[in-house]
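Residue strings, one per chain:
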2 protein chains.
Amino acid sequence: MRYMPRASAIREVATKPTLGPPAYVVLGMIGLGARSGYEIKQMVELSIRFFWTISQAQIYPSLETLERVGLISGRAEPRGKRPRRVYDITEQGNAELERWLSDDEPIPFELRDIALVKLFFAEAMDREQALALLVRVKERSEQQIVTLRHIEPAAELVDQQGNPSPLLTLRMGVAFHQAMIDVCAEFEPKFHARP
Amino acid sequence: MRYMPRASAIREVATKPTLGPPAYVVLGMIGLGARSGYEIKQMVELSIRFFWTISQAQIYPSLETLERVGLISGRAEPRGKRPRRVYDITEQGNAELERWLSDDEPIPFELRDIALVKLFFAEAMDREQALALLVRVKERSEQQIVTLRHIEPAAELVDQQGNPSPLLTLRMGVAFHQAMIDVCAEFEPKFHARP
DNA sequence: TTCTCCATGTAAGTAGTTACATGATTGG
DNA sequence: CCAATCATGTAACTACTTACATGGAGAA
């Protein structure tokens, strides 16, 4: 995705390297009980991947950095002869996670969807093709909702156990795509009656 | 944003360099009548910036590439002594834009929003802070809607002239943020009553 | 035995960013 | 005359990606 500027270079040099969003995602997942890099990747795919992704190649360097600055502590726990490292969040890690979560800098909204770009330029196509694009965008959102509904029972369970956050973000996803579907449906007639 | 894989490297070597999304955005904007790099940047900010951004440092190299492969044609049109280059889309450019718009590869949906990540991890904060975050996310969407409503009259005018696309994408944005607001409002009580 | 999953890590590359440099024109 | 806007371009950098390499463990 996109470049998310970290704190100013000046401050970075003056104090210590600022962590980027991927490092906080890793920290948060360790805080929620993920133990290895592999488990972090799995948890991301099952939870936040609707609005955030992280590649394996980012996770391991992040774990190293987080351990170096004392926010997590790791120890070797090999499976057979294969090396493996598991981590726990430290006191400082919890404190830093909380600080990051509650820090009140404005959070810029950022959506990057080439499908909407194509819809914006749809006039450059003929009628059938523009309509086909609109239908594809609608179907894409329908598919996303199906996927999200799949993990809904798990999120509801966690909600009943007192943590509404996963259900909240899941409902965001559903509402979001439902909104896209509704707008597509609303504009379909206009896309039918065109030169 | 995010890495958007272009076509396979093999094909790229075998035939000719594949254009990435930024180049098509530039091509599309030239097609809609933008003439200079500067105008492209302005048009993007006034139209698609809700779901796509492009930095000036990307625009000029894209213009060069597009001209080299014959999709746009440029000529010098200096303002005073300062050099300036203006462009028009070519026949091939129109054809390639249409091909890209109607090509039926699946378009992956991609949202990347650190605010939702923070909401997902909200349990790590205490009640007041979690609630404050929820409220901030809601207000952020309210602000986005205000901005979008601002350009709505222009989009409606273009719609009445027979091009519904800008209004469609604008309505997407509004519906999108309204969905976020609704979900935030729905979960606010749950965030009040928490340990 | 061979397939899939668990698991870690690196190399090479692409995409995108900010920050800077430069200077003309227009409006107050 | 000064600030804002028009306008183009580059350098240095950060973030992130894909592809690959490696290999153990368990199941079919």
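Conventions adopted
Residues numbered from 1 in each chain as written. Chains lettered and ligands numbered in written order. Predicted model: local features only at pLDDT ≥ 70, side-chain atom pairs only at ≥ 80, totals over all residues. Heavy atoms only, no water. Helix = DSSP H or I, 4+ residues; strand = E, 2+ residues; numbered from the N terminus. Contact = heavy atoms within 4.5 Å. Areas by Shrake-Rupley, 256 points an atom, 1.4 Å probe, with all protein chains shown as cover. Salt bridge = Lys/Arg side-chain N within 4 Å of Asp/Glu carboxyl O. Buried < 20%, exposed > 50% of the residue type's maximum accessible area, 1.4 Å probe, protein only. Domains from an automatic or database assignment. Buried area = accessible area lost by both parts, 1.4 Å probe. Polar contact = N/O pair within 3.5 Å; in protein donor to acceptor, adjacent residues only side chain to side chain. Nonpolar A, V, L, I, M, F, W, Y, C, P; charged D, E, K, R; others polar. Least-squares fit on C-alpha atoms with pLDDT ≥ 70 in both. Expected span 1.5 Å × (residues − 1). Arc of directions from axis to C-beta.

**Q** Even after reading the chapter, I still don't get the overall build of chain A, so can you show me in this structure?
**A** The helix and strand tally for chain A stands at eight helices and two strands. N-terminal to C-terminal, the α/β element order of chain A is α-α-α-α-β-β-α-α-α-α. Summarising the internal contacts of chain A: among those between residues at least 6 apart in sequence, 53% fall at separations of at least 24. Accessible surface computed for chain A: about 9,900 Å², of which carbon and sulfur atoms make up 54%.

**Q** Please clarify how the pattern of salt bridges should be interpreted in this entry.
**A** For the structure shown, the criterion picks out 30 salt bridges over all chains. Between Arg75(B) and Asp88(B) there is a salt bridge; the shortest N-O distance is 3.2 Å. In this pair, Arg75(B) sits in strand E1 (residues 72–76) while Asp88(B) sits in strand E2 (residues 85–89), placing the two residues 13 residues apart along the sequence. Relative accessible area serves as the criterion here: at 34%, Arg75(B) is assigned to the partly exposed category. Its salt-bridge partner being Arg171(B), residue Glu156(B) comes within 3.1 Å of it at the nearest N-O pair. Here Glu156(B), found in helix H7 (residues 127–160), pairs with Arg171(B), found in helix H8 (residues 165–192); they are 15 residues apart in sequence, far enough to count as distant. A cluster of three or more residues bridged by salt bridges with shared partners is formed by Arg35(A), Arg75(A), Glu77(A), Arg84(A) and Asp88(A).

**Q** What is the right way to look at the domain arrangement of chain A in this model?
**A** Many analyses report the size of an interface as the accessible area lost when the parts associate. All names here are of chain A. When its domains are assigned, chain A resolves into domain 1 (18–102) and domain 2 (114–193). Here domain 1 and domain 2 have C-alpha centroids that lie 30 Å from each other. In this assembly, domain 1 packs against domain 2 so that about 410 Å² is buried in total across both faces, 77% of it on carbon and sulfur atoms. Three residues, Leu 46, Phe 50 and Phe 51, lead the burial of domain 1 against domain 2; their summed loss comes to 86% of the area buried on that side. Linking domain 1 to domain 2 there are zero salt bridges. Seen at the junction of domain 1 and domain 2, the total is zero residue pairs in polar contact (both at pLDDT 80 or more). For the side of domain 1 that touches domain 2, a count of residues per class yields three nonpolar, no polar and one charged.

**Q** It is not clear to me how the relation of the copies chain B and chain A should be interpreted in this structure. Could you clarify?
**A** Here two copies of a chain appear, and what relates them is a rotation about an axis with a shift along it. Rotating chain B by 180° and moving it 0.0 Å along the rotation axis overlays it on chain A with an RMSD of 0.0 Å. Interpreted geometrically, this transformation is the action of a two-fold axis. Here 100% of the contact residues of chain B are again contact residues in chain A; the copies associate through an equivalent surface.

**Q** How should I be thinking about the interface of chain B and chain A in this particular structure?
**A** Listed as interface residues are 73 residues of chain B and, on the opposing side, 73 residues of chain A. Overall, the association of chain B and chain A removes approximately 7,300 Å² of surface from exposure, summing both partners, and the carbon and sulfur fraction of that is 71%. Counting the contacts that link chain B with chain A gives four salt bridges. If you look at where chain B meets chain A, you find 18 residue pairs in polar contact (both at pLDDT 80 or more). The set of elements that each furnish at least two residues to the side of chain B that touches chain A consists of helix H2 (21–31), helix H5 (91–102), helix H6 (114–120), H7 and H8 of chain B. Among the residues making up the side of chain B that touches chain A, the classes are represented as 44 nonpolar, eleven polar and 18 charged.

**Q** Looking at this structure, I do not really get helix H4 (residues 56–68) of chain A. What am I missing?
**A** An α-helix turns once every 3.6 residues. As a result, residues three or four positions apart point the same way. Residue and element names in this part refer to chain A. In a regular helix each residue adds 1.5 Å, so 13 residues correspond to 18 Å; H4 covers 19 Å between its end C-alpha atoms and thus fits that length. Within H4, the full set of buried residues consists of Ile 59, Ser 62, Leu 63 and Leu 66. The arc that holds the buried residues of H4, viewed along the axis, is 105°, so those residues lie on one side. In H4, those exposed residues whose orientation departs by more than 90 degrees from the buried face are Ala 57, Glu 64 and Arg 68. Contacts from the buried residues of H4 go to helix H2 (21–31), helix H3 (37–46), strand E1 (72–76) and strand E2 (85–89). Gly 70 sits one or two positions beyond H4 and adopts a positive phi of about 85°.

**Q** Please clarify how the environment of Arg85(B) should be interpreted in this entry.
**A** All names here are of chain B. Inspection of the secondary structure assignment puts Arg 85 in strand E2. Its relative accessible area of 36% is what places Arg 85 among the partly exposed residues. Between the alpha carbons of Arg 85 and Ser 36 there is a distance of 6.3 Å; along the sequence they are 49 residues apart. Residues in contact with Arg 85, not counting those within four places in the same chain, are Arg 35, Ser 36, Glu 67, Gly 74, Arg 75, Ala 76 and Glu 77. Of the polar contacts made by the side chain of Arg 85, one reaches the side chain of Glu 67; its length is 3.0 Å.

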